[in-house]
Amino acid sequence: MTKPRRATAARIGEAALPALTVVVVLAVWELLVRFHGIAPIYLPAPSSIAVYLWRMIADGSLAFHLGATLIRIFVGFAVASLAGIVMGLAMGMSRRVARVADIWIAALYPLPKISLIPLLIIWLGTGEAYKIMLSAITAFFPVVISTYSGIRQVDRGLVKAAEDLGANWRQIQLKVIIPAAIPSIFAGLQLGMGVTIIMVVAAEMIGGSGRSGMGYLLISSGQVMETEKVFASLIVMAVMGALIMKSQQWLDRRLAPWAVQGDGR
Amino acid sequence: MDVVAENVSQVWGADGPHPVVALESFSHRFRSGRFSCLLGPSGCGKSTLAQIVGGLEAATGGSIRIEDPARPGSPRPLGADSVMMWQGLNLFPWRSVIDNVAFGLEMRGVPRAERYAKARALIASVGLAGFEHHRPAQLSGGMRQRVALARALIMERPILLMDEPFAALDAQTKIVMQEELLRIFDATRKTILFVTHAIDEAILLGDEVIVMTARPGRVKEVIPIDLPRPRSLDIVNTKEFGALFDRTFHLIREEVTKAMAQQAEMVGGA
């Protein structure tokens, strides 16, 4: 009787441990700020951050900024994925395309994309096009590289088997090579999503006009030393990022269950 | 369909500094409706030969002809009459069992309802009814083997090429699959080229065992297996089987020793 109960208790303890560390850190933080008299512009108490967060939710400003950022992320990601997948497939199917594209990728991929900000602003202005292009260009590279390497690493045995079963070149591309490359393409899309989030927020912080987005909220709060708002924005962005990445992983598993590691073939 | 191999040779890396001769003037006529087993040490080019016959690999020398014995003199294109069952199976991991089995018909443009009906019947005949919508990863090794077999059989090709298909199976599953293959052979009388390195398997299944030399692979000796059909695993205990086993074993032992010396040399030289 006692054994299973103890096992259950242990399991609950195991699950509660991460949450417990959060509670402890927040409590220590709160007590430190309260009883050591740290000025809120340096380190506001968790309770006052929560109050600010609630106010931002209540007056609709959070929804406004978060919405603007999310739209930019999804548009930038859509542009990057489409261009990256198409380019990666073209490279995988044609040696000539691969050879030409390869030097461009080799030259542009290591370039820090933030260094493109001055050029992009000169070309596109400081509006939506700039923010979306900066994130799309950044995300394009991991997508195109993963797609191309995914196609190159397709098991030759599968291609031979398809050939033996009467598939022609077009059928081999569509029915074997692309599906076999999907795990790798999805991995590229996950990397791409990560950098899209980073670059959209960066563009909102640096050089962007429009007074909207989480990056703008963060930097404008910082400039007037509303440290509570800075913290509140950071928390929102952390949760936003985690939710986007987790739902992408969930979606990938639904769409390509064979690709999940440990499921093998 | 007869498969006629004449002086077939295969050299890997012929332009490089260390060309490897996998096959050297391999000649043999695989007769229509017979079960031929290619037996040899690893590296003797027996898998390569199967792929050359299937039109999946080009030989560097010699020729392979596929001949209809009723119409000699008008050879058929390589690959058109054969289908391969692979050592690694090469099932498509993203496709369900039924879509793996129906793959060849799909490529041929057979409508979905028709190809599914055929695939379903074949899946049932290899004992996998109810697993049509599982993915290969959800099946055991023996079940995957049956999927690969059904995927080959659905093509209805007169020549079946089998490249060590049962090598990775556990002993019990292997026995079941061998008996299944004997049953299929008795029912269809296809021309089968079966690549193996297991002596007992070759004798149990084949009408003839072609013993190959160590690399470069050549025909060392062709042993006719006159054991009566239909066969079952019981023949393994007969005196005739034992005699054939001994004879084959002595032929192959020499070659395996040679192959091992070659491998040791390669490792030492590297």
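Just so it is clear, the structure is predicted and the values come from calculations on it, not from any experiment.

Student: Would you take a moment to explain the overall build of chain A for this structure?
Tutor: Looking only at helices and strands, chain A has 10 helices and 0 strands in total. Ordered by position in the sequence, the α and β elements of chain A form the string α-α-α-α-α-α-α-α-α-α. Scaling as 2.2 N^0.38, a compact globule of 265 residues should have a C-alpha radius of gyration of about 18 Å, whereas chain A reaches 24 Å, well beyond that. Put simply, chain A has 265 residues, and 32% of those count as buried.

Student: I tried to follow the overall build of chain B on my own but got confused; where do I start?
Tutor: Scanning chain B from terminus to terminus reveals 8 helices and 9 strands. Expected size for 270 residues packed as a compact globule is a radius of gyration near 18 Å; at 19 Å, chain B falls within 12% of this value. Each principal axis of the C-alpha distribution contributes one length, and for chain B these read about 55 × 45 × 45 Å. A separation of at least 24 residues holds for 72% of the contacts in chain B among residues at least 6 apart in sequence.

Student: Which parts of the structure should I look at to understand the pairing of strand β6 (residues 159–163) of chain B?
Tutor: All names here are of chain B. By the criterion of burial, β6 is predominantly enclosed, with 5 of the 5 residues buried. The two faces of β6 match: Ile159, Leu161 and Asp163 on one face and Leu160 and Met162 on the other face are all buried. Chirality of the crossover, the property in question, places the unit of β6, helix α6 (residues 171–188) and strand β7 (residues 191–196) among those that are right-handed.

Student: Sorry, what's going on with the interface of chain B and chain A here?
Tutor: Where the parts come together, the accessible area they lose is often given as the size of the interface. Of the residues lining the interface, 18 residues belong to chain B; the matching set on chain A comes to 15 residues. Element by element, the count of residues in the side of chain B that touches chain A is highest for helix α3 (residues 103–107) of chain B, at 3 residues. Its residues assigned to classes, the side of chain B that touches chain A shows 12 nonpolar, 4 polar and 2 charged.

Student: Looking at this structure, how should I read the domain arrangement of chain A?
Tutor: All names here are of chain A. Taken domain by domain, chain A consists of domain 1 (1–38) and domain 2 (43–258). Taking the mean C-alpha position of each, domain 1 and domain 2 sit 35 Å from one another. Of the residues lining the interface, 6 residues belong to domain 1; the matching set on domain 2 comes to 4 residues. When grouped by side-chain class, the residues that make up the side of domain 1 that touches domain 2 number 4 nonpolar, no polar and 2 charged.

Student: Got a minute to help me understand the environment of Ile235 of chain A in this structure?
Tutor: Here Ile235 of chain A is to be found in helix α10 (residues 227–255). Note on Ile235 of chain A: 14 C-beta atoms within 10 Å, which makes it partly exposed.

Student: Whenever I open this one, helix α4 (residues 112–125) of chain B confuses me. Can you help?
Tutor: Helical geometry: 3.6 residues make up each α-helical turn, so side chains three or four residues apart lie on a common side. Residues and elements named next belong to chain B. End to end, α4 covers 20 Å across 14 residues, agreeing with the expected 20 Å (1.5 Å per residue, within 8%). When we look at burial in α4, the residues that qualify are Arg115, Ala119, Leu122 and Ile123. Down the axis, α4 shows its buried residues gathered within 100° of arc, on one side only. Set apart from the buried face of α4 by more than 90 degrees, the exposed residues are Ala113 and Glu114.

Student: What should I look at first to understand unusual backbone geometry in this one?
Tutor: Note on backbone geometry: most residues besides glycine have negative phi, and most peptide bonds are trans. Residues and elements named next belong to chain B. Omega for the bond connecting Arg215 with Pro216 falls within 30 degrees of zero, at -5°, which places this linkage in the cis form. For Pro216, the position within the fold is in the loop between β8 (208–212) and β9 (219–224). Of note, the amide linkage connecting Arg229 to Pro230 takes the cis form, showing an omega dihedral of -5°. Relative to the assigned elements, Pro230 resides in the loop between β9 and α8 (239–269). Unlike most non-glycine residues, Asn7 shows phi in positive territory, near 50°. In this structure, Asn7 sits in strand β1 (residues 2–12). Residue Asn7 is classed as partly exposed on the basis of its C-beta count, with 13 C-beta atoms lying within 10 Å.

Student: Help me understand the packing of helix α5 (residues 141–153) of chain B against α6 of chain B in this model?
Tutor: Helices that pack against each other are described as a pair by the angle of their axes relative to one another and the distance between those axes. Residues and elements named next belong to chain B. Where α5 meets α6, the closest approach of the two axes is 10 Å, and the angle between their N-to-C directions is 25°. Our classification of the angle between α5 and α6 gives roughly parallel. Considering how the two elements wind past one another, α5 and α6 form a crossing that is right-handed. Within the contact between the two elements, α5 uses Gly141, Gly142 and Gln145 and α6 uses Thr173, Val176 and Met177. When its residues are assigned to classes, the contact of α5 with α6 shows 2 nonpolar, 4 polar and no charged.

Student: In this structure, what is going on with the sheet that holds β7 of chain B? I would like to understand it.
Tutor: Hydrogen bonds between backbone atoms are what pair the strands of a sheet, whose relative direction is either parallel or antiparallel. Residues and elements named next belong to chain B. Spatially, β5-β6-β7-β3-β8-β9 is the arrangement adopted by the 6 strands of the open sheet, whose pairing is mixed. The sheet is open, and its two borders are formed by β5 (82–85) and β9, each paired with just one other strand. Neighbour to neighbour, the strand axes of the sheet diverge by 15° on average, direction disregarded. Strand direction decides the pairing type here: β5 and β6, joined by 4 bridges, are parallel. Pairing of Ser82 across the sheet is with Ile159, part of β6. Lying on the sheet, helix α1 (residues 46–53) is in contact with β3 (35–39), β5, β6, β7 and β8; it crosses β7 at an angle near 155°.

About the criteria used
Residues numbered from 1 in each chain as written. Chains lettered and ligands numbered in written order. Predicted model: local features only at pLDDT ≥ 70, side-chain atom pairs only at ≥ 80, totals over all residues. Helix = DSSP H or I, 4+ residues; strand = E, 2+ residues; numbered from the N terminus. Rg over C-alpha atoms; globule rule 2.2 N^0.38 Å. Buried ≥ 20, exposed ≤ 12 C-beta atoms within 10 Å, placed from the backbone. Contact = placed C-beta atoms within 7 Å. Right-handed = clockwise from strand over helix to strand, strands pointing away. Nonpolar A, V, L, I, M, F, W, Y, C, P; charged D, E, K, R; others polar. Domains from an automatic or database assignment. Expected span 1.5 Å × (residues − 1). Arc of directions from axis to C-beta. Axes fitted to C-alpha atoms, helices over the stretch in contact; angles between N-to-C directions. Parallel < 35°, antiparallel > 145°, perpendicular 65-115°, else oblique. Left-handed = near helix turned anticlockwise from the far one by under 90°. Pairing = 2+ DSSP bridges.

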